[in-house]
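Coordinates in review
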Amino acid sequence: MADQSFVTLATNDSYVKGALVLGSSLRNYRTTRRLTVLITPHVSDPMRKVLEKVFDEVKLVDVLDSGDVAHLALLKRPELGVTLTKLHCWGLTEYSKCVFMDADTMVLSNIDELFEREELSAAPDPGWPDCFNSGVFVYRPSIETFNQLLQLATEKGSFDGGDQGLLNTFFSNWATADISKHLPFIYNLSSISIYSYLPAFKAQTSPSSDRFGTNAKVVHFLGRLKPWNYTYDSKAKSVKDAQDPTVVHPEFLNMWWDSFVTNVLPLLQQHGAIKDTATGVKAEEAAEAVSNLSLSSTALPHSPPSPPPMSSEERKERWEQGQADYMGADSFDNIKKKLDAYLQ
Ligand code: UDP
Ligand code: GLC
Ligand code: MN
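Residues numbered from 1 in each chain as written. Chains lettered and ligands numbered in written order. Predicted model: local features only at pLDDT ≥ 70, side-chain atom pairs only at ≥ 80, totals over all residues. Heavy atoms only, no water.

Here we take up the pattern of salt bridges. All chains considered together, the criterion is met by 10 salt bridges. One salt bridge in this structure joins Arg-27 and Asp-56, with 3.4 Å as the shortest N-O distance. Taken together, the residues Arg-27 in helix H1 (residues 13-28) and Asp-56 in the loop between helix H2 (45-54) and strand S3 (57-60) connect sequence positions 29 residues apart. With relative accessibility at 39%, the residue Asp-56 sits in the partly exposed group. (Salt bridge = Lys/Arg side-chain N within 4 Å of Asp/Glu carboxyl O. Helix = DSSP H or I, 4+ residues; strand = E, 2+ residues; numbered from the N terminus. Buried < 20%, exposed > 50% of the residue type's maximum accessible area, 1.4 Å probe, protein only.)

Bringing the confidence of the model for the protein chain into the picture now. Put simply, the protein chain has an average pLDDT of 84, and 77% of its residues get 70 or more. In this model, residues 292-308 is a region of pLDDT below 50 whose contacts with residues beyond four sequence positions or in other chains number 37 contacts. (pLDDT = per-residue confidence, 0-100. Contact = heavy atoms within 4.5 Å.)

Here we take up the site of ligand 2. With respect to spatial proximity, 13 residues lie near ligand 2, and among them Lys-86, Asp-102, Asp-160, Asp-163 and Gln-164 are the closest. Contact distances for ligand 2 include 2.9 Å between an oxygen atom and a side-chain N or O atom of Lys-86. A distance of 2.5 Å separates an oxygen atom of ligand 2 from a polar side-chain atom of Asp-163. Burial of ligand 2 by the protein chains amounts to 90% of its free accessible area of 310 Å². The set of elements that each furnish at least two residues to the shell around ligand 2 consists of strand S7 (132-139) and helix H5 (163-170). Broken down by element, the residue count for the shell around ligand 2 peaks at 3 residues, all from S7. When grouped by side-chain class, the residues that make up the shell around ligand 2 number 2 nonpolar, 7 polar and 4 charged. (Near = heavy atom within 4 Å. Polar contact = N/O pair within 3.5 Å; in protein donor to acceptor, adjacent residues only side chain to side chain. Areas by Shrake-Rupley, 256 points an atom, 1.4 Å probe, with all protein chains shown as cover. Nonpolar A, V, L, I, M, F, W, Y, C, P; charged D, E, K, R; others polar.)

Let us now look at the coordination of the manganese ion (ligand 3). Ligation of the manganese ion (ligand 3) by protein atoms is provided by Asp-102 (OD), Asp-104 (OD), Asp-104 (OD) and His-220 (NE2), these donors lying 2.2 to 2.4 Å from the ion. Positions of the donor residues of the manganese ion (ligand 3), expressed as sequence spacing, correspond to D-x1-D-x115-H. In this pair, the class of Asp-102 matches that of Asp-104, namely buried. (Donors = N, O, S within 2.8 Å, 3.2 Å for Na, K, Ca; no water.)

Counting along an α-helix, one turn takes 3.6 residues, and residues three or four places apart therefore face a common direction. Taking burial as the measure, the 8 residues of H5 include 6 buried ones, the bulk of the element. On its buried face, H5 sits against S7 and helix H4 (143-156).

Moving on to the sheet that holds strand S5 (residues 105-107). On the basis of which strands lie adjacent, the open sheet formed by 3 strands has the order S5-S9-S8 and mixed pairing. At either end of the open sheet lies a strand with only one pairing partner, and these are S5 and strand S8 (189-190). Note: S5 against strand S9 (residues 218-220), 3 bridges, orientation antiparallel. Following the sheet pairing, Thr-105 is matched in S9 by His-220. (Pairing = 2+ DSSP bridges.)

Below, the structure is given as structure tokens:
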């Protein structure tokens, strides 16, 4: 199957960690397709070497950035302008068909059957299900399509400032034209959905069927906080900060970390891609250091940007998504204080 490939993208060393977990997970479940990663010049040399161990092709592309501050502000993700770089995946014309996967996804089983689908197949976006989520999609590389997408981006821009808005405008009949292009949600299960519709995640539709959640084939860590932003306790085999409401069901986060420690960390150590403090010690012991991003990249700071403090609007949004900060701002004590103030 040399003419078909899984494809991902990493524009910096943080997302490379995600790409490495994704690539290892595809290998562990014995894909018969090739693995390709698109990178941009910011990715450090040691990380490129490690990528070459896991991927068949590491392709350097230039950054495409929407610079669309206004729309990206609406999405509250100023960093996502660079996701237009994803469009370069249409340039991989050595392949007849590909499956693109975000670097913040990981597979939980073999998903080679996706290659039976046609362009453009994708799963619904959990935020607006009449749009598809562009974290996992089946497509056919074509310079013509690539040029048309670039033209659309230049002339009309993207309604979310990133690739997903643009792709939904381009493949605008996805929602209505052909149900076979709707991938089941289990091929792009966003961790957010577990909190917003827990009963569905736990549902068992017939006595003989599995639960929806246990059928998951791809988990997508969609949102501002990525697995590599958490700290992992390798002895407890669990992400720390269990107080964080998004860690109430940490199963998938722990699986990501388990895969990182087992499959990726040894490669990072071998290739000097992590700082001296973290090398020479047992892989598991280095996990914590690496979780704080002690990567030897010169282009990047040595620790991940901590997420900016949440505005009250964002807090409200999280609350509405069932992600209340029960131990902090939204604690029972704080809510009671507020109620008492109103009553007075
Ligand atoms: N990406 C990247 N560098 C960035 C931001 C994004 O390489 O600074 C790539 C990466 O493959 C990532 C994808 O673009 O998975 C989409 O971004 P992200 O997953 O952060 O968006 P979300 O799924 O959270 O909306
Ligand atoms: C989304 C998708 C991601 C995409 C981003 C910007 O939420 O998950 O893949 O890059 O929007 O459009
Ligand atoms: Mn993503």
